[in-house]
Structures are given as structure tokens and as C-alpha cells.
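Spelled out from the first residue to the last, the chains are:
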Amino acid sequence: MADKQISLPAKLINGGIAGLIGVTCVFPIDLAKTRLQNQQNGSRLYTSMSDCLIKTIRSEGYFGMYRGAAVNLTLVTPEKAIKLAANDFFRQHLSKDGKLTLVKEMLAGCGAGTCQVIVTTPMEMLKIQLQDAGRIGKTKRNTLFTAQRKLMPETVAAGTVETKSPTAMQLTRQLLREKGIAGLYKGLGATLLRDVPFSIIYFPLFANLNNLGKKDVDGPAPFYVSFISGCLAGSTAAVAVNPVDVIKTRLQSLNRASTEDTYSGVTDCIRKIMRNEGPSAFLKGAYCRALVIAPLFGIAQVIYFLGVGEFILSFMPKKHD
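Here the structure is a predicted model, which is why all the values come from computation and not from measurement. (Residues numbered from 1 in each chain as written. Predicted model: local features only at pLDDT ≥ 70, side-chain atom pairs only at ≥ 80, totals over all residues. Heavy atoms only, no water.)

Now for the packing of aromatic side chains. Counted under the stated rule, the structure contains nine aromatic pairs. Note on Phe27 and Tyr66: the rings are 6.1 Å apart at their centroids and 15° apart in plane angle, and the pair reads as stacked. Here Phe27 is found in helix H1 (residues 8-38), whereas its partner Tyr66 is found in the loop between helix H2 (49-60) and helix H3 (69-94), with 39 residues between them in sequence. Taking relative accessible area as the criterion, Tyr66 reaches 22% and is therefore assigned partly exposed. Their ring planes at 80° and their centres at 5.5 Å tell us that Tyr62 and Phe63 sit as a pair that is edge-to-face. Through a chain of ring-to-ring contacts, three or more aromatic side chains come together here, namely Phe27, Tyr62, Phe63 and Tyr66. (Phe/Tyr/Trp six-rings, centres within 6.5 Å; stacked < 30°, edge-to-face > 60°. Helix = DSSP H or I, 4+ residues; strand = E, 2+ residues; numbered from the N terminus. Buried < 20%, exposed > 50% of the residue type's maximum accessible area, 1.4 Å probe, protein only.)

On to helix H10 (residues 266-276), then. Buried within H10 are the following residues: Asp268, Cys269, Lys272 and Ile273. Axial view of H10: buried residues confined to an arc of 125°, hence all on one face. When the buried face of H10 is taken as reference, the exposed residues oriented beyond 90 degrees from it are Thr267 and Arg275. Those residues of H10 that are buried are in contact with helix H9 (242-252). Remark: Gly278 follows H10 within two positions and exhibits a positive phi of approximately 85°. (Arc of directions from axis to C-beta. Contact = heavy atoms within 4.5 Å.)

In the structure shown here, the tally under the stated rule is 14 salt bridges. A salt bridge links Lys248 to Glu124; the shortest N-O distance between them is 2.7 Å. Residue Lys248 is located in helix H9, and its partner Glu124 is located in helix H4 (residues 102-151); the two are separated by 124 residues in the primary sequence. Across the pair, Glu124 and Lys248 agree in class, each one buried. When the shortest N-O distance is used, the salt bridge between Asp268 and Lys272 registers 3.4 Å. Here the residue Asp268 and the residue Lys272 both occupy positions in helix H10, the gap between them amounting to four residues, near one helical turn. Of the residues examined, Asp268 reaches a relative accessible area of 9% and is grouped as buried. Residues joined in a network through salt bridges with shared partners are Lys33, Glu124, Arg194, Asp195, Asp245 and Lys248. (Salt bridge = Lys/Arg side-chain N within 4 Å of Asp/Glu carboxyl O.)

In the UniProt entry, the feature "transmembrane region" (unreviewed entry) is given for residues 12-32, 183-203, 223-244 and 290-316. Between the end C-alpha atoms of residues 223-244 the distance is 32 Å, and the span holds 95% helix and 0% strand. (UniProt positions renumbered as here; feature names shortened; annotations may be inferred.)

This is the structure:
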């Protein structure tokens, strides 16, 4: 992330802590992004991010904004570990005399992003089901209530139909029982199409923005420059790959309202979105995604700058020959 040299164990600790803090801070915005991306024209419940969050709190309580957070918090550390270890591995094998060209830096990032989806795909698969459960439940209740009210207007009251949201373990067992390991990797292709281009855009953009703020060519950039560079590069890359993120979110959503389209693959998803919702649908949740990614990278810069990983490792007993 920053210019200073950090050992791999310290990187893993920094990445894990940054991920845990970042996910906790921005998860409600990520939930709003998922629900906005998933809703189609025939079942539109939310008009904006703020409208989604307000309605979520009203119908599901404050902790309703953290549906699926446990999955992210559990798997964010191994995800970072895989990405960092893979990135170091590829950089080491691609470097010549300790130097890397821009293209090789991009290749190293792509390799790391590709390895990362081993954890990312199942994590996001489960997270999306849990995040979208409240929207689906509300859509089904509204549809059923409307039908019942037409049949028995004098006896039906709002809120008579309740749906219980599944847990992550229940979803995992169900997917493994019905579809095997492949069930957890639904949307793998779309995840690769999102994460690899994100790395291609983010790493070179961050490096160039960071270099612009250096006071000394050979020295590290000031903290605030790295912080702003990480936020700008992260949000730019996030918006650039948002169309693929919409496709990935739609493909990984197993439950749908009766009025919503289902998709057999990436091509089918693109065709149906274009036909039924228009090109603007691919930008759904883009500003939410930018608001999620920017603080995540900003927080990561703070953790790296403070040297939290190095501080923790300083208390570990050192091996003596």
C-alpha cells in the first residue's frame, strides 16, 4: 500500500485489522448497494441510498443494516492474507533486480485478484443472500398483501405475512446439499471480471497519484497524500467496474420476487438488463460502491501508516539461533 517496506506477517495483520474495521464502518452502505443493484423496475422499493437505509432501520431495526456482516468479518482476514501473499509471490517472480515495470505491477495485481476470488466468491455469495433477504421479504409481503386485500379487504391488515431470514450456516448447508461446492461459486466468472479489472485500474492509479505528492523522489509520500490517493484510486476503480458488480450481484442472488427476472449467465443477464431496464441500470449503486471502497482503502492507509502490525509483532518472542 504505502512506500515503506513491511514484512509479510505485518502486512497480513495490517490487512486483517483494516478489513475488520473497514467492513464494520461501511457495511450499511454496502447493504444499500446490494439492495439497490438487485431491485428491478417491477419491484422498486428504494429510491436512493438514504431511502434504503431509513426503510431498513424502520422495518428491520438498526442491526438489520448489518445483515451478512458476520460472513465478511469472518472471512475478510483470510481474503487479505491470500491477496497479499499472492501479490508478494507474483512481484517476486516478475521483478528484475528488485524493480518492476508498470505492466508487471498490473500483472502481479491481477494474479493476486485472481487468487483472492477463492475466498471472495463464496463470501459475497452468502453476504448477498443475507443482505437482500429483507428486500425480498418486503417485496413478497407487499405483493401478497395487495392480492389478499383485493380478495378480503375487510379482514386483511398490513404486516400479516412474515418471513424469517436464513442464517449463513443454513444457506451454506442448503447450497452444499443441493448444488455441492459449485453452489458457493455461482457468479465466479463475474467476480473475476470485476476483481481483476479493479486491480488493473487501482494499483497503477494509486502509484501514480501517490508519486505526484512525494516531496522527495526517493522518499515515501506523506501520509495524507497516500490516504487521499487510496481513496481516489479506490473510488475511481469501484465506479469503473460497477457494471460488472451489478451483473455479479444479480447472478449471485438466489431468491427473487415473482415479478423479477432470473438469469442463466453473464450474457443472459446483460441482455435482460439492457432490454428491461436500459443501460442506466448498470450504474445502480455506483455511488454507494464508491462510498464503500474509498473509506476501506483510506482506513487501510491509516493502519499501515500507524504500523499496527509491526507494533503487535514487536511483542512476539523472537527466535534466537
